[in-house]
2 protein chains.
Amino acid sequence: MDVTEPVTLKTLAGELGLNVSTVSRVINAEPGTEAKWASPATIRRIQELAHERGYARNPHAASLRTSRSDLVGVIVPRLQDYVLATIYEGIDAAAEASGRVTVVANSLDDPARQRLRTESLLARRVDGLIFGDAHQDSPYLDELAARGVPLTLVSRRRAGHVSVTCDDIAGGRLAATHLVSTGRRRFAVIAGARYASTTLDRVGGFLAVLAEHGIGESEVDLHYTGFDAPAGQRAIADILGTDTRPEAVFAVNDFAAIGAIGALQKRGISVPDDIAVVGYNDTPIAQAVNLTTVRSPMIEMGRLGFDKLLALIDKEAVDSERLTPEFVVRSTA
Amino acid sequence: MDVTEPVTLKTLAGELGLNVSTVSRVINAEPGTEAKWASPATIRRIQELAHERGYARNPHAASLRTSRSDLVGVIVPRLQDYVLATIYEGIDAAAEASGRVTVVANSLDDPARQRLRTESLLARRVDGLIFGDAHQDSPYLDELAARGVPLTLVSRRRAGHVSVTCDDIAGGRLAATHLVSTGRRRFAVIAGARYASTTLDRVGGFLAVLAEHGIGESEVDLHYTGFDAPAGQRAIADILGTDTRPEAVFAVNDFAAIGAIGALQKRGISVPDDIAVVGYNDTPIAQAVNLTTVRSPMIEMGRLGFDKLLALIDKEAVDSERLTPEFVVRSTA
DNA sequence: ACGTATGCCGCAAACGTTTGTGTGCTGATG
DNA sequence: CATCAGCACACAAACGTTTGCGGCATACGT
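Residues numbered from 1 in each chain as written. Chains lettered and ligands numbered in written order. Predicted model: local features only at pLDDT ≥ 70, side-chain atom pairs only at ≥ 80, totals over all residues. Heavy atoms only, no water.

## Digging into the UniProt feature "domain: HTH lacI-type" (unreviewed entry) in chain A
Then step 1. Look at the UniProt record and you will see "domain: HTH lacI-type" (unreviewed entry) annotated at residues 7-66 of chain A.
Then step 2. Between the first and last C-alpha atoms of residues 7-66 of chain A the distance is 21 Å; the span itself is 65% helix and 0% strand. (UniProt positions renumbered as here; feature names shortened; annotations may be inferred. Helix = DSSP H or I, 4+ residues; strand = E, 2+ residues; numbered from the N terminus.)

Structure (structure tokens):
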């Protein structure tokens, strides 16, 4: 089975008594402009035969000729992370809409792996790259930009690059404002990794509001761990190990928050009566477990990140963007 | 910037005074067999210059010539689903190890979208496909196989196709055996979609054990919903709407289980004292919230699914495989 | 009637590989 | 000494597109 010869432009042209160039032009013309290339009758014949034979352009041949692949690479820390998976979904939706295809790879937030997978994608001749794993302390992105590789950042930002992020400073402020206004004065923060702008900005915004209420950074119990549930559990173990117990915990990630809640409940500590917990991102799990959290527009970040990359590839001028977060009060704070 | 001419075989050959064919053969020879193609001195010269100039094969040109892309397509219901994201991670790891690249797309379990995205990947000339979203009632996969497209299934199985799954019947049995042995007699099941073999097998195994203990299917409160947390919440609303309250709930998915637990707790029902809950897959969240669950080897499923696809592409004979699940007792049952 | 514009289409080169076939050479063999 | 078997490489075609450059009609303007 499947002995059918692949149908190429030559097949169609031969069958129609035309030259491949004519067929190519008609098929590739943007809708409405076919008339520039052939007579109405010919156009119909070409389109009908192409459809009947199920012609599909060979993208490798086209890419070879044009040196554009219509492929964009996406590097994320990890697709297992719901947040990044969702952002990727936004990217992919935008890509699909523009007729392009995305290729995604996990960097595990490891600079060596980030470099490895990126180079592998570049070897595949992607037209541009979207990074969801930008580190504050890594020069690799700068190096890429200097090489002339079009790239944008999502989720995390970094000076000197086009990025689409949540306004995480504002998000951190929302969390702090709520907790302060409900009377808490002693705080712990479950922060992610220091190399992520999300961590820095969310914590920064949070602390700024506390400072405005006379609570200094030294009074706040800061724990830099990770972005997943186990990290939240570990952080709680640490936090409860100190002598002063906080009245509220701000986790910069819903999963860490849920891990924290699990750890608190296991110890018989009531949420929010004993300790309030606020998460970040508003994932479905947050909704399911009634977690108070900060909603970030993940899909939108992906979409915009892709659109801006396209603009960059087309040599247009592009600015970064910070999307507005929203506070959603549920029952944990 | 980036005005550097791309370095091709011709560049290298010209610089070395050789023919492109020689350079190509040496560079593409599997390690150790270069000696077949050139003198030791020439081999060294080629390899050194290639490395120095940073030569990278143009995959489009190569694919055009060989009509193999070294690309494999992956179709999943949704990458946002941790389970599928993890399986994909296994696939991608295996692909990376074999020097291939994966392209993934979400079908949202919608047959029309599955078809659409698959055809789009085929148009990109993938060498084969891995499906994580096989439906029991859709003939599309059969049609593809008949067209001669190499494909394997992961997570879900379907008669007539090579698949790598968890032994879900055994998994369902594990859950039931535990619940029965701890004295429960009245059950509800939060099942996923009927078109998924995972649902069918897990529920089937569960019910089989109950039957062996004299509990008929008609006595069990079965709810076919979805695989996520909101589905678990909805199911609980339904389940508690009936007059007899179950002593245990088996959810065929951890996220549904967590949604269920959230819904139960909101109603002041204690888990596991009033109602026990068992999930499926053993995701990190399950561990974080102390959910009793059935562990399924997700990464391994992905790896094997890819390896088997490779074998299929190479026209080797391949058999399906069912991986053994493991019961992990925590504090919800 | 003559030049010019326009509509419709063909020619051919090029993109960078891979790979079947060929060729001159060296050294060993009968 | 003629032959022959490698060895180390070169030649050239082909994969399927895209695209600059024409060419030949027919229609149009003056």
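## Considering the nonpolar core
Then step 1. With 150 residues, the main nonpolar core has Phe206 of chain A together with Phe206 of chain B as its most contacted residues.
Then step 2. Leaving out residues up to four positions away in the same chain, Phe206 of chain A has contacts with Gly172, Arg173, Ala175, Ala176, Leu179, Phe187, Val189 and Phe250 of chain A.
Then step 3. Residues Leu71, Val103 and Leu121 of chain A together with Val103 of chain B belong to the second largest nonpolar core, which totals 34 residues. (Core = buried A, V, L, I, M, F, W, Y, C linked by side-chain atoms within 4.5 Å. Buried < 20%, exposed > 50% of the residue type's maximum accessible area, 1.4 Å probe, protein only. Contact = heavy atoms within 4.5 Å.)

## What to know about the protein's contact with DNA strand D
Then step 1. Near DNA strand D lie 24 residues; those nearest to it are Arg25 and Arg65 of chain A together with Asn19, Ser39 and Thr42 of chain B.
Then step 2. Sugar plus phosphate, as a fraction of atoms of DNA strand D within 4 Å of the protein: 58%.
Then step 3. Between DNA strand D and the protein, one listed contact pairs a phosphate oxygen with a backbone N or O atom of Gly17 of chain B at 3.2 Å.
Then step 4. Where the surface near DNA strand D is concerned, the elements lending two or more residues are helix H2 (20-28) and helix H4 (59-66) of chain A together with helix H2 (20-28) and helix H4 (59-66) of chain B.
Then step 5. In the surface near DNA strand D, the residues fall into 7 nonpolar, 12 polar and 5 charged. (Near = heavy atom within 4 Å. Polar contact = N/O pair within 3.5 Å; in protein donor to acceptor, adjacent residues only side chain to side chain. Nonpolar A, V, L, I, M, F, W, Y, C, P; charged D, E, K, R; others polar.)

## Points about the domain arrangement of chain A
Residue and element names in this part refer to chain A.
Then step 1. For chain A, the assigned domains are domain 1 (9-57), domain 2 (69-166 + 298-323) and domain 3 (168-295).
Then step 2. Domain 2 and domain 3 are separated by 28 Å when their C-alpha centres are compared.
Then step 3. If you look at the interface, domain 2 gives 13 residues, while domain 3 gives 16 residues.
Then step 4. Together domain 2 and domain 3 conceal approximately 1200 Å² of surface at their shared face, both sides included; 55% is due to carbon and sulfur atoms.
Then step 5. For domain 2, the biggest contributors to the area lost against domain 3 are Tyr82, Arg156 and Cys166; these three give 38% of the whole.
Then step 6. One can count 1 salt bridge joining domain 2 with domain 3.
Then step 7. Its salt-bridge partner being Arg157, residue Asp201 comes within 2.7 Å of it at the nearest N-O pair.
Then step 8. A class-by-class count of the residues in the side of domain 2 that touches domain 3 yields 5 nonpolar, 3 polar and 5 charged. (Domains from an automatic or database assignment. Buried area = accessible area lost by both parts, 1.4 Å probe. Salt bridge = Lys/Arg side-chain N within 4 Å of Asp/Glu carboxyl O.)

## So, the side chain of Ser197 of chain A
Residues and elements named next belong to chain A.
Then step 1. Summarising the element assignment, Ser197 is placed in helix H9 (residues 197-212).
Then step 2. Overall, Ser197 belongs to the buried group, its relative accessible area being 3%.
Then step 3. Within the structure, Ser197 has its side chain in polar contact with the backbone nitrogen of Arg157 (distance 2.8 Å).
Then step 4. Dropping the residues within four chain positions of it, Ser197 is found in contact with Gln136, Ser155, Arg156, Arg157 and Arg202.

## As for the interface of chain A and chain B
Then step 1. Listed per partner, the contact involves 53 residues of chain A and 53 residues of chain B.
Then step 2. Across the chain A to chain B interface the summed buried area is about 4500 Å²; carbon plus sulfur atoms make up 53%.
Then step 3. Of all residues in chain A, His60, Gln80 and Arg124 of chain A bury the most surface against chain B, accounting for 17% of the area lost on that side.
Then step 4. At the boundary of chain A with chain B, the tally comes to 8 salt bridges.
Then step 5. With a closest N to O distance of 2.4 Å, Arg78 of chain A and Glu89 of chain B form a salt bridge.
Then step 6. Put simply, the parts of the chain that give the side of chain A that touches chain B at least two residues each are H4, helix H5 (82-97), strand E2 (101-106), helix H6 (111-123), helix H10 (229-241), helix H11 (254-266) and helix H12 (284-288) of chain A.
Then step 7. Take the side of chain A that touches chain B: its biggest share by element is 7 residues, from H5 of chain A.

## Structural notes on the protein's contact with DNA strand C
Then step 1. In the vicinity of DNA strand C lie 26 residues, with Ser39 of chain A together with Leu9, Arg25, Tyr55 and Arg65 of chain B positioned nearest.
Then step 2. Of what DNA strand C places within 4 Å of the protein, 57% of the atoms are sugar or phosphate.
Then step 3. Residue Thr22 of chain A places a side-chain N or O atom 2.8 Å away from a phosphate oxygen belonging to DNA strand C.
Then step 4. The separation between a base oxygen of DNA strand C and a polar side-chain atom of Arg25 of chain A is 2.7 Å.
Then step 5. Put simply, the parts of the chain that give the surface near DNA strand C at least two residues each are H2 and H4 of chain A together with H2 and H4 of chain B.

## With respect to the sheet that holds strand E3 (residues 128-131) of chain A
Residue and element names in this part refer to chain A.
Then step 1. Spatial strand order, E2-E1-E3-E4-E5-E11: 6 strands in an open sheet with parallel pairing. Both edges of this open sheet fall to E2 and strand E11 (321-323), since each of them pairs with a single strand only. The mean inter-strand angle of the sheet, taken between neighbouring strand axes irrespective of direction, is 20°.
Then step 2. On the sheet, H6 packs against strand E1 (71-76), E2 and E3 and is oriented at approximately 170° with respect to E1.
Then step 3. Sitting on the sheet, helix H13 (residues 298-313) touches E1, E3, strand E4 (151-154), strand E5 (163-166) and E11, and the angle it makes with E4 is about 165°. (Pairing = 2+ DSSP bridges. Axes fitted to C-alpha atoms, helices over the stretch in contact; angles between N-to-C directions.)

## Re the relation of the copies chain A and chain B
Then step 1. When chain A is fitted onto chain B, the two copies agree to an RMSD of 0.1 Å after a turn of 180° and an axial shift of 0.0 Å. The relationship between the two copies is best expressed as a two-fold rotation axis. Looking at the rotation axis and the C-alpha trace of chain A, the residue lying nearest is His60 of chain A, at 2.3 Å.
Then step 2. When you check the interface residues of chain A against chain B, 100% turn up at the interface there too, and the contact is symmetric in its surfaces. (Least-squares fit on C-alpha atoms with pLDDT ≥ 70 in both.)

## Describing the packing of aromatic side chains
Then step 1. All told, the structure shown has 6 aromatic pairs over all chains when counted by the stated rule.
Then step 2. Measuring from centroid to centroid gives 6.4 Å for Phe250 of chain A and Tyr280 of chain A, while their planes differ by 50°, and the two rings are tilted. You can see Phe250 of chain A sitting in strand E8 (residues 248-251) and its partner Tyr280 of chain A sitting in the loop between strand E9 (276-278) and H12, a full 30 residues away along the chain.
Then step 3. Since its relative accessible area comes to 0%, Tyr280 of chain A is described here as buried.
Then step 4. For the pair Phe206 of chain B and Phe250 of chain B, a centre-to-centre distance of 4.7 Å together with 20° between the ring planes defines the contact as stacked. Within this pair, whereas Phe206 of chain B is found in helix H9 (residues 197-212), its partner Phe250 of chain B is found in strand E8 (residues 248-251), the two being separated by 44 residues in sequence. A single burial state applies to Phe206 of chain B and to Phe250 of chain B, both of which are buried.
Then step 5. Three or more aromatic residues link up through ring pairs in this structure, and these residues are Phe187, Phe206, Phe250 and Tyr280 of chain A.
Then step 6. Sitting over the face of the ring of Tyr280 of chain A, Arg202 of chain A holds its NZ or CZ atom 3.8 Å from the ring centroid. (Phe/Tyr/Trp six-rings, centres within 6.5 Å; stacked < 30°, edge-to-face > 60°. Lys NZ or Arg CZ within 6 Å of the ring centre and 35° of its normal.)

## Some points on H4 of chain B
All names here are of chain B.
Then step 1. Buried residues of H4: Pro59, His60 and Ser63, and no others. One side of H4 carries all its buried residues, which in axial view fall inside an arc of 100°.
Then step 2. Sitting at the amino-terminal end of H4 is Asn58, which places a side-chain oxygen 2.8 Å from the backbone nitrogen of His60.
Then step 3. One or two steps after H4, the chain reaches Ser67, where phi turns positive at roughly 50°. (Arc of directions from axis to C-beta.)

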